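The chain contents come next:
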Amino acid sequence: MYGARPVFSVETFPPKTEHGVHNLYAELTYLTQHHPVFVSVTYGAGGSTRNKTLELAREIGQRFGVTAVPHFTSVGATRADVRQYIADALAGDARNMVVLRGDPPKGETAYTPPPDGFRYGSELVEYVRSITGELDLAVAGYPEGHVECRDLWQDVQHLKRKVDAGASVVLTQLFYDNPAFFRFRDETERAGIGVPVVPGIMPITKFSQIQRMTALSGAAIPDSLSASLLKHEDGSPDQAKAGIEFAIEQCRELLDAGVPGLHIFTLNSGHATSQIIHALHDYFDDEPAASSQ
Ligand code: FAD
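Residues numbered from 1 in each chain as written. Predicted model: local features only at pLDDT ≥ 70, side-chain atom pairs only at ≥ 80, totals over all residues. Heavy atoms only, no water.

Regarding the packing of aromatic side chains
The geometry of two aromatic rings is summed up by the distance between their centres and the angle between their planes.
Next, step 1: Applying the stated criterion across every chain yields a total of 10 aromatic pairs.
Next, step 2: An angle of 25 degrees between the planes, with centres 4.4 Å apart, marks the rings of Phe 72 and Tyr 85 as stacked. Of the two residues, Phe 72 sits in strand S3 (residues 68-73) while Tyr 85 sits in helix H3 (residues 79-91), which places them 13 residues apart along the sequence.
Next, step 3: Phe 72 gets classed as buried once you look at its relative accessible area, which sits at 2%.
Next, step 4: With relative accessibility at 0%, the residue Tyr 85 sits in the buried group.
Next, step 5: Each ring, one from Phe 175 and one from Phe 181, has its centre 5.2 Å from the other, and the planes form 10 degrees; the classification is stacked.
Next, step 6: With relative accessibility at 0%, the residue Phe 175 sits in the buried group.
Next, step 7: Through pairs of rings, three or more aromatic residues link up here, namely Phe 175, Phe 181, Phe 182 and Phe 184.
Next, step 8: One Lys or Arg, Arg 101, reaches over the ring of Tyr 111 and ends 4.4 Å from the middle of that ring.
Next, step 9: Between Arg 190 and the ring centre of Trp 153, over which it is positioned, the NZ or CZ distance is 3.9 Å. (Phe/Tyr/Trp six-rings, centres within 6.5 Å; stacked < 30°, edge-to-face > 60°. Helix = DSSP H or I, 4+ residues; strand = E, 2+ residues; numbered from the N terminus. Buried < 20%, exposed > 50% of the residue type's maximum accessible area, 1.4 Å probe, protein only. Lys NZ or Arg CZ within 6 Å of the ring centre and 35° of its normal.)

In structure tokens form, the structure reads like this:
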């Protein structure tokens, strides 16, 4: 999937309504013309979208001829649940999966694994690997440290366990501070993590929304970025323009620094993503993705 030239992938989520699904397909009709290397579909908190995630991934794969990648979290999942999900995913033609521990359910501060479930993402990766060799697995990395582990080196050690257990790519959490990503990348190299580490990019189109997300994840927003966004009304076209311009320059710097790809969180709206891809078109491998699905 990742080679000499950078590629980009996009992340979507299962819409709650038919209208939302219709809109997502309209966005993907345009976005897939730029040949994303894959389109991933998130797994709702607590497994709330289990079937929808798999169905949507399958439909996206068939409808758009792209590699579609379902996510999975071990929240509330027993070993039998994991086996079933993997079987269903394989039956739905999935050949890749993003595997995650997941967050504690709303209102709970600590993650409690279910009986016969998994405490850490690395255990889940190991288990999935023991079930099948047919799926390529991606795991999550945290350029500023995971919210439960602010010691970056320690967190990178935990990331290494996931890679050693069989993950073949790391997709990072959103960040706006490239030096933080470069420090993280250095640490992954120092730890001997040899798989591609792909930055996660969340273009800002409505600042209040990102402020809420980063308050939860702990990602820093540089003062200069806040200042440029706060010049405009929240969610206005001018604010979105400033956010997208920032994302383009952020991505350009990352690509110049040799990242293997970009993983763009679309929030099911292709507008910002298309502008970024269009502006950076020359960087990307424009061949249709050699689909493994
Ligand atoms: P882990 O790797 O298990 O890490 C969780 C915490 O445990 C970290 O603090 C880590 O340092 C610590 N830890 C790990 N191993 C050990 C150990 N052996 N000893 C002590 N501490 C340890 N969430 C969803 O609900 N659905 C999604 O679809 C989804 N998609 C995502 C996609 C991307 C690209 C990213 C970056 C995140 C996504 N998430 C999703 C969020 C993710 O579920 C949360 O960030 C979650 O809190 C951690 O999952 P993980 O797999 O990274 O956990």
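Read on for the rest.
A short note on the environment of Gln 275
Next, step 1: Assignment of secondary structure puts Gln 275 in helix H10 (residues 270-279).
Next, step 2: What makes Gln 275 partly exposed here is its relative accessible area of 33%.
Next, step 3: Put simply, Gln 275 and Lys 241 are 34 residues apart on the chain and 9.9 Å apart in space, counted from C-alpha to C-alpha.
Next, step 4: In contact with Gln 275, other than residues within four places in its own chain, are Ile 244 and Ile 248. (Contact = heavy atoms within 4.5 Å.)

Points about the nonpolar core
Next, step 1: Judged by nonpolar contacts, the single largest core of 65 residues is most densely connected at Ile 60, Val 82, Met 97 and Leu 262.
Next, step 2: With six residues, the single largest contributor to this core is helix H9 (residues 237-256).
Next, step 3: In contact with Val 82, not counting residues within four places along its chain, are Phe 72, Ala 77, Phe 118, Leu 124, Tyr 127, Val 128 and Ile 131.
Next, step 4: By size, the runner-up hydrophobic cluster in this structure holds 13 residues, among which are Val 69, Val 98, Ala 140 and Tyr 142. (Core = buried A, V, L, I, M, F, W, Y, C linked by side-chain atoms within 4.5 Å.)

Description of the side chain of Ser 236
Next, step 1: Structurally, the position occupied by Ser 236 is in the loop between helix H8 (223-230) and H9.
Next, step 2: In this structure the side chain of Ser 236 is engaged in a polar contact, spanning 2.7 Å, whose partner is the backbone oxygen of Glu 233. (Polar contact = N/O pair within 3.5 Å; in protein donor to acceptor, adjacent residues only side chain to side chain.)

What to know about the pairing of strand S4 (residues 96-100)
Next, step 1: Burial runs high along S4: five of the five residues are buried.
Next, step 2: Inspection of the sheet shows S3 paired to S4 by three bridges, in the parallel sense. Its bridge partner lying in S4, Phe 72 is registered against Val 99.
Next, step 3: Considered for its hand, the β-α-β crossover made up of S3, H3 and S4 is right-handed.
Next, step 4: In this structure, S4 lies alongside strand S5 (residues 136-141), joined through three bridges in parallel fashion. Residue pairing across strands places Met 97 opposite Leu 137, the latter belonging to S5.
Next, step 5: In this fold, the crossover linking S4 to S5 by way of helix H4 (residues 121-131) has right-handed handedness. (Pairing = 2+ DSSP bridges. Right-handed = clockwise from strand over helix to strand, strands pointing away.)

Structural notes on the sheet that holds S4
Next, step 1: Strand order around the closed barrel formed by eight strands is S1-S2-S3-S4-S5-S6-S7-S8, with parallel pairing between neighbours. Recorded for the sheet is a direction-independent mean angle of 30 degrees between the axes of neighbouring strands.
Next, step 2: Bridging between strand S1 (residues 7-12) and strand S8 (residues 261-265) involves five bridges; their strand directions are parallel. Residue Val 7 lies in a different strand from S8, and its bridge partner there is Gly 261.
Next, step 3: Its contacts with the sheet place H4 against S3, S4, S5 and strand S6 (167-174), and it is angled at close to 180 degrees to S5. (Axes fitted to C-alpha atoms, helices over the stretch in contact; angles between N-to-C directions.)

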